Structure formats: structure tokens, C-alpha cells
There are 2 protein chains.
Amino acid sequence: MPETWEIREGEVALEHDPSLQPNAGVVFIGTIRSPWTKREDCPKNIGRAREAGRAATVVLKPELAPALAGLKVGQPIVLMYWMNRARRDLLVQNPRHVGDPRGTFALRSPNRPNPIALSTVVITSLDPDAGVVGIDAIDCLDGTPVVDIKPWLETVDIPPA
Amino acid sequence: MPETWEIREGEVALEHDPSLQPNAGVVFIGTIRSPWTKREDCPKNIGRAREAGRAATVVLKPELAPALAGLKVGQPIVLMYWMNRARRDLLVQNPRHVGDPRGTFALRSPNRPNPIALSTVVITSLDPDAGVVGIDAIDCLDGTPVVDIKPWLETVDIPPA
């Protein structure tokens, strides 16, 4: 269930919660086991998470383990995870670290119409039979659902020169 | 509706379509207007799309236009789009260009439990009032639904050195 937060100065919300009328369904492919069990301890982004030097693990649903075939230790991946405590109705947000209100699509805030977070992480260990992937760091709470794993590709994930 | 494709040699599918039991709902925030109206013309990835030299447009739902505030022409963004013609049950795939069967999570194929594609593109024009964003290229069919727009950030979207 999303938590209720106060609207800060300059913030704008939709009049309705868009998630009440979904257009398609997402399936959770697994769960992130992270060192962060309390919101106040959780790093605000993957850079801070990496500085903390704590590894994390992606535990897939067992029936999806065969879909890991071909991934390798040391390889960068794009992890998509579902920020299930986020608000989905905010159009303009005023995060403390930014200083002025900014549109949701100009921010990496978890609060967005589809609360899917995205980080590029590195595979540190791999147990394809068990469906378990070790990663170097993560910036979400323990138990966060996973939506996708993709190989990170320079030609797709870096903007053109 | 997903199209039905033949299973190729070496491919493995789940016995059930996971999308029949979703865990959360996705809302479409808008639509991609792309030059590609037929599957056979559509570039296979964003690199090829860029070589084709054809621009594209993201048209947001009007009520979401305020969420663009703060984005700028020339800025790279991560675009998430919903590949609504993809299969969601494939665990191992044998794409023609790869040559050997590989797990879904080791491929950028649109066929995956959650058919969300991801490309880093550049904003070429911006009409925040109309909710229209011009982008340099895209590798999906005209009319593909959009799920999210995020600012591309070097610290989040490039793997650590």
C-alpha cells in the first residue's frame, strides 16, 4: 500500500490516483534482498548505495531461473524494480535535495505514474539453478519486487555523442 | 493482443502466460508516434533506428503535461515503452542475430515477462504545454504506449568503473 505523504510547497498532484485504472498488468519476477530495512537508512540513489559498500541480491521466482542463462559475473545489468511505497499521482515534486519544484519526468523520484526504478548494477555472483543474482549495490528497501533484468548495452544505454 | 509466434529450436516457454495473474497495474502515460508502421520496417534496436535518421515524438496524455517541467532540449532521457505485441512466456529465446539460445534476462528482446523496452534518446524539441516531446530516434512501432520518461544520469545509468 502506498504511504500518504504531505504535499510540499510547489507540488502538484492529479485529482485522481491513476493506478486505479491500469492499462496493463505487471508481474513481479522476484524480490530484492537489500541491507536496507528502514526507509531512513535507505540510500537515496545508487551512487550513495555504492558508497555504502553493501552488496544485495536478486532472488527470482524459481520457475524463471532458466531466463538467466547467458548472464555472467562482472557483467553490468539494468535492474527494474517496483517502488511499491511510492505515490503515483504527483506531477510536480519538490525534493529537498533539488531545491525547486520540478516535473516528475525530470526527476528520478520513485513517485511517478508507474513507480518503476532503474539502476545499472554489476553482477557479483550468479547461481542460475537457484535463480539468485548477487549485485554490487542497490538503493531500495529489502523485499522490493523486481520487474525486469536486462543486459546493459553501451549502444542502447548511453546517449549518442 | 500478443501475436502468436512459433517457438524456435532451443526456445523454452513457461506453461502459463504470467500476464494472466498480474501483481500490479501499469498506466500508459502517452503514445509514441514513430515512422514505423509495419513490423518488417521497424529497426531492431535504437542503434539501427538512429542510423535510419528518422525522428519520433512522444505525445503525453494532456493531464500529465505538467510533469515535463524542467526537461530541456538536448537532454538525454530514458524512455520506457510497453511492447504490447510481445510474448510474455518465453524463458529462453533463439533470436536470429544471436545464433544460440539465451535466457530472456540476457537479451534485450521485447519478449519478456514484463514487455517494457528501454532506450536512451535525446530530446530534440519540447512543447510542455501540449505535452509533446520530440526525440532523435526510436525502434518501436507507431502507437506504442509509453510507460515512463526519466532524465538519463551518468551516475545511475553507467556502470561503475
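Rules behind the numbers
- Residues numbered from 1 in each chain as written.
- Chains lettered and ligands numbered in written order.
- Predicted model: local features only at pLDDT ≥ 70, side-chain atom pairs only at ≥ 80, totals over all residues.
- Heavy atoms only, no water.
- Helix = DSSP H or I, 4+ residues; strand = E, 2+ residues; numbered from the N terminus.
- Polar contact = N/O pair within 3.5 Å; in protein donor to acceptor, adjacent residues only side chain to side chain.
- Pairing = 2+ DSSP bridges.
- 1 Å grid on protein atoms, 1.4 Å probe; cavity = no way out; pocket = protein on both sides within 12 Å on 5 of 7 lines; lining within 4 Å.
- Points joined across faces, edges and corners; volume = space filled by probe spheres on them.
- Nonpolar A, V, L, I, M, F, W, Y, C, P; charged D, E, K, R; others polar.
- Contact = heavy atoms within 4.5 Å.
- Buried area = accessible area lost by both parts, 1.4 Å probe.
- Salt bridge = Lys/Arg side-chain N within 4 Å of Asp/Glu carboxyl O.

### Quick look at the side chain of S109(A)
In this structure, S109(A) sits in the loop between β7 (102-103) and β8 (116-127). Engagement of the side chain of S109(A) in a polar contact is seen with the backbone nitrogen of N111(A), the distance being 3.0 Å.

### Description of the sheet that holds strand β6 (residues 90-93) of chain B
Residues and elements named next belong to chain B. Within the open sheet, the three strands sit side by side as β1-β6-β7. Their pairing is antiparallel. Of all strands in the sheet, those with a lone pairing partner are β1 (12-13) and β7 (102-103), marking the two edges. Taken together, the two bridges between β1 and β6 define a ladder with antiparallel strand orientation. When the sheet's bridge partners are listed, A13 is paired in β6 with L90.

### A closer look at empty space enclosed by the protein
Applying the stated criterion across every chain yields a total of one cavity of 30 Å³ or more. When its volume is computed, the largest cavity comes out at roughly 60 Å³. As for the largest cavity, its lining consists of V78(A), L118(A), T120(A), W152(A), D157(A), V78(B), L118(B), S119(B), T120(B), W152(B) and D157(B). At the level of secondary structure, the elements contributing two or more residues to the lining of the largest cavity comprise β8 of chain A together with β8 (116-127) of chain B. Looking at the lining of the largest cavity, the element that brings in the most residues is β8(B), giving three residues. A per-class count over the lining of the largest cavity returns six nonpolar, three polar and two charged.

### Comments concerning the interface of chain A and chain B
Contacts between the two partners involve 61 residues from chain A, matched on the other side by 61 residues from chain B. Here chain A and chain B share an interface that buries about 5300 Å² over both sides, 65% of which is from carbon and sulfur atoms. On the chain A side of the contact with chain B, V27(A), F105(A) and R108(A) bury the most area, a combined 15% of that side's loss. There are four salt bridges connecting chain A and chain B. Of the charged contacts, one joins D148(B) and R112(A) as a salt bridge, the two residues approaching to 2.7 Å between their closest N and O atoms.

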